[in-house]
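So you can see what is in the structure, the chains are spelled out below.
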Amino acid sequence: MSEIKKEEEKSLNFIEEIIEADLASGKHKSIITRFPPEPNGYLHIGHAKSICLNFGLANKYGGKTNLRFDDTNPVTEDTEYVDSIKEDVQWLGFEWANEFYASDYFDQLYTFAVKLIEKGLAYVDDSTPDEIAQQKGTPTTPGVRNEYAGRSVEENLKLFEEMRDGKYPDGAKVVRAKIDMTSPNMHMRDPIIYRIKHAHHHRTGDKWCVYPMYDFAHGQSDSIENITHSVCTLEFIPHRPLYNWFIEQLEIYPSHQYEFARLNLNYTVMSKRKLLQLVNEKHVSGWDDPRMPTISGLRRRGYTPASIRDFCDRIGIAKRENIIDVSLLEFCIREDLNKTALRRMVVFDPLKVTITNYPEGEVEVLHSENNPEDPNGGVREVPFTRELYIEQEDFMEEAPKKFFRLAPGKMVRLKSAYIIQCNEVVKDETGKVTELKCTYIPESKSGSDTSGLKVQGTLHWVSIPHAINCEVRLYDRLFNAEDPQSEEGDFKDYINKDSLHVIKGAYAEPALKNTTFDERYQFLRKGYFTLDKDTSAEGMIFNRTVTLKDAWAKEQKK
RNA sequence: UGCCCGAUAGUAUAAUGGUAGUACGACAGAUUUUGGUUCUGUUUGUCUUGGUUCGAAUCCAGGUCGGGCAACCA
């Protein structure tokens, strides 16, 4: 009940308003949307916004969503991308009603072009690309029509057929819609609708050597599928008159296009072209590098589908350009993982601690909760011994007042174990601290503490004889600039050289021995982690999904 | 200098002619066997100038600023 109320109270975005009005007026009985990626790259978080929007709309209003590959350009497209896109959409948690391809409609599209020619609304043009660009004019000066526009219907029909039959080389001829060379909208100045490409298509093979342009495929594909609300990004606004013109002239189902602002995230780039460059030039290890804003990168990093959906829900849908703060994405994943991740202890930068009053060779099995946020989460066993590792950074010889950790003479609690006191600092010749000699307070055992002592800090630790050596990979933002592409020079000049920090000598508590790829962990006081696919028999490798909020780091900056 | 979009706290996003609200962030405090979580509080906003109106973030006009448009890409 309260759930329904909450739903009602949440305000609608402008597309939902349009849909509700269309449903209320009877313009549509139900809705159909589509997600139309071009299979020429991997999906990124910006696509996730579009996916969540399109599928979310259909879910909310009881409609359906098609997955349609916009594969009209065989030279850049590949089945590798088709497969990755399908995997990513499914992983995000969405099911498409139909899997379609623009290439499914090539025959129909060809017929549409013929119809336009027959109506005297399209012609074959032999001009070179340069000439066409010349004649097109500029946004402030009108274009001019050339002599080819005067060809007869019969001649155009014959030429188009010959183009289709492979009589001409690439670029020799194009088909253009005859609209208005003086239109203030450049897209209406006799746009090219078909071009010759003797290229192998990932689905239709060598059947075609003429391929429709985006503008001549997208709207018609929407129409063929009876898409009621065709949602795309802002840069297609000037295409809308053309979208409508084709539908009107072809007298087919009137789909309508609506535009929203694409997602931008700060400290990253979000164009397939730039992401491809990062991959090709080896600035990252691949499309699924955990630093990439791709769906596959986020997945490998440890982001959950729910957290990404939540993020897309929170950023909203509007028409103004925006740059979302990554801190919101991080908030979403922390919120999800805090409730579900298993707590474990891992020391990244070990400092040996010897408990001088603890018997040599003794092993005490302690228990620690798997997740304090989950009352049913249970506990795990943690062995305690005389020799332990703690974090180097958790000890300071000369500690400031606000340092709540270990220092000579000071006491801290070891999580789920005992309170210890530091009695002696052991150093090597260079003065580096190599070991701490401490004593433990036997009455301070976690869960049955009768010591009456109050300490300010609690540290994570591992028993040296039980510690598992592992590798952890810490990630930071890929770029130093908030908006790398708007900065002076090349966006790659702003790559963060320290975006990857590998620690090979980390030590994990033994409960981590049974780690699986689906499990998410919180390494206490360190952040959220998940197993990386590079893990092998040689050892476990963990990716840091996101840090914990760190009030101490903030304090230090002051 | 043509056409098209847009402008509400630091960042996003509501308010659909009637009290400018929410989230994230930031800051302060409480709780805490994670300097996590949780809780409480604080801070900051309608681009501008006119007009319509009892009343304007909202409607109208002018301006300013930002973005997009001249691929045989999508």
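Below is a summary of the structure that appears in this document. (Residues numbered from 1 in each chain as written. Chains lettered and ligands numbered in written order. Predicted model: local features only at pLDDT ≥ 70, side-chain atom pairs only at ≥ 80, totals over all residues. Heavy atoms only, no water.)

### Focus on the protein's contact with RNA strand B
Not every one of the 64 residues close to RNA strand B is listed here, only the nearest: Glu17, Arg320, Arg343, Ser446 and Gln522. Counting only the atoms of RNA strand B within 4 Å of the protein, the fraction contributed by sugar and phosphate is 59%. Taking Ser127, its main chain carries an N or O atom lying 3.1 Å from a base nitrogen of RNA strand B. In the environment of RNA strand B, a base oxygen lies 3.1 Å from a nitrogen or oxygen atom belonging to the backbone of Gly447. Contributing elements (two or more residues each) for the surface near RNA strand B: strand S6 (192-196), helix H12 (305-315), helix H13 (326-340) and helix H14 (551-557). The element that contributes the greatest number of residues to the surface near RNA strand B is H13, accounting for four residues. Broken down by class, the residue content of the surface near RNA strand B amounts to 24 nonpolar, 19 polar and 21 charged. (Near = heavy atom within 4 Å. Polar contact = N/O pair within 3.5 Å; in protein donor to acceptor, adjacent residues only side chain to side chain. Helix = DSSP H or I, 4+ residues; strand = E, 2+ residues; numbered from the N terminus. Nonpolar A, V, L, I, M, F, W, Y, C, P; charged D, E, K, R; others polar.)

### Description of the packing of helix H8 (residues 214-224) against helix H9 (residues 240-250)
For the pair H8 and H9, the least separation of the axes is 9 Å and the interaxial angle reads 65°. The hand of the H8/H9 crossing is right-handed. From H8, Asp215, Phe216, His218, Gly219, Gln220 and Asp222 reach across to H9, where they touch Leu242, Tyr243, Phe246, Ile247 and Leu250. Residue composition of the contact of H8 with H9, grouped by class: six nonpolar, three polar and two charged. (Axes fitted to C-alpha atoms, helices over the stretch in contact; angles between N-to-C directions. Left-handed = near helix turned anticlockwise from the far one by under 90°. Contact = heavy atoms within 4.5 Å.)

### A short note on the sheet that holds S6
A sheet is described by the order of its strands in space; here four strands give the open sequence S4-S5-S6-S7, paired in antiparallel fashion. Because the sheet does not close on itself, it has two edges, and the strands there are strand S4 (122-125) and strand S7 (210-212). Taken pair by pair, the neighbouring strands of this sheet meet at an average axis angle of 20°, ignoring direction. This element, helix H5 (residues 106-118), spans S4, S6 and S7 of the sheet and lies at about 120° to S6. (Pairing = 2+ DSSP bridges.)

Function-wise, these values are silent; they only describe arrangement.
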